[in-house]
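# Observations on the three-dimensional arrangement
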Amino acid sequence: MTIRVVVADDQELVRSGFAMILSAQPDIEVVAEAGDGAEAVAAVRRHAPDVVLLDIRMPRMDGIEAARTICAESGCKAVMLTTFDQDDYVYEALHAGASGFLLKDVRRDDLVHAVRVVVAGDSLLAPSVARRLVADFTSRGQAAAIAAPVLGALTARERETLVLLGRGLSNAEIAAELVVSEHTVKTHVSNVLSKLGLRDRIQAVICAYETGLIAPGG
């Protein structure tokens, strides 16, 4: 399977650099480049990529607004790129539906890994970062609360899986915790996302906090 990517950044050298790195991979194809958010939205509509890399600060339409539109209209995964690591940008990006957040000084291998990770429905945030950001995110009340009764759709094991997702554990770590195979964990994760109508693991983390399965700061 070839992963189709759109790269959006108002700095041509940065945009071309990311595109060059990704295009060098045998399983990744950069189908379009964009210089602002409006062009990124148009490119996603035209090419239907799997992933769009969006700079936070761009003219005409910034990356967060572009992510909000793209995530609402399609199944394309949005990964935010910025030189700024301030929490507010992360909160806004997650709230817009982004599946990940990277700084522009990301290493070449990590950039490639990030693209593959979001396509697989995994998280780009390290466990400690995920816990800190989501705890503060939910305490600010910036995300719409998900009613606790919705958890009734989950089996006991799926609820356990959601708790472990909320703590930022990888599939391998969840498998070790539950003493099951990674294949079984993938099935549980897929069921959790499907039953709760969540786009990806980032939203599963937020859901675990919002429903009270994990207390902020816990």
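Heads up: the structure comes first, above all this text.
Rules used throughout
- Residues numbered from 1 in each chain as written.
- Predicted model: local features only at pLDDT ≥ 70, side-chain atom pairs only at ≥ 80, totals over all residues.
- Heavy atoms only, no water.
- Helix = DSSP H or I, 4+ residues; strand = E, 2+ residues; numbered from the N terminus.
- Buried < 20%, exposed > 50% of the residue type's maximum accessible area, 1.4 Å probe, protein only.
- Contact = heavy atoms within 4.5 Å.
- Areas by Shrake-Rupley, 256 points an atom, 1.4 Å probe, with all protein chains shown as cover.
- Core = buried A, V, L, I, M, F, W, Y, C linked by side-chain atoms within 4.5 Å.
- Pairing = 2+ DSSP bridges.
- Axes fitted to C-alpha atoms, helices over the stretch in contact; angles between N-to-C directions.

## Details of the overall build of the protein
Looking only at helices and strands, one finds 10 helices and five strands in the protein. The proportion of buried residues among the 218 residues of the protein is 50%. Restricting the contact set of the protein to residue pairs at least 6 apart, pairs at least 24 apart contribute 66%. When the accessible surface of the protein is totalled, it reaches about 10000 Å², and 51% of it is carbon and sulfur.

## Some thoughts on the nonpolar core
If you look at the biggest cluster of nonpolar residues, it comprises 30 residues, and the most contacted ones within it are Val52, Leu54, Ile70, Ala78, Met80 and Phe101. When contributions to this core are tallied by element, the ones reaching two or more residues are β1 (3-8), β2 (28-34), α2 (37-47), β3 (51-55), α3 (63-73), β4 (77-82), α4 (87-95) and α10 (201-210). Among the elements that make up this core, the one with the highest residue count is α3 (five residues). When sequence neighbours within four positions are dropped, the list of residues in contact with Met80 reads Leu54, Ile56, Gly63, Ile64, Ala67, Ala93, Ala98, Gly100, Phe101 and Leu102.

## Regarding the sheet that holds β1
With parallel pairing, five strands are arranged side by side in an open sheet as β2-β1-β3-β4-β5. Strand pairing shows two members of the sheet lacking a second neighbour, β2 and β5 (100-103), which therefore form its edges. Looking at each pair of strands side by side, their axes are set apart by 25° on average, direction ignored. With six bridges joining them, β1 and β2 adopt parallel strand pairing. Of the residues in β2, the one forming a bridge with Ala8 is Ala34. Of the strands in this sheet, β1, β2 and β3 touch α2, which is tilted by about 140° from β2. Of the strands in this sheet, β3 and β4 touch α3, which is tilted by about 160° from β3.

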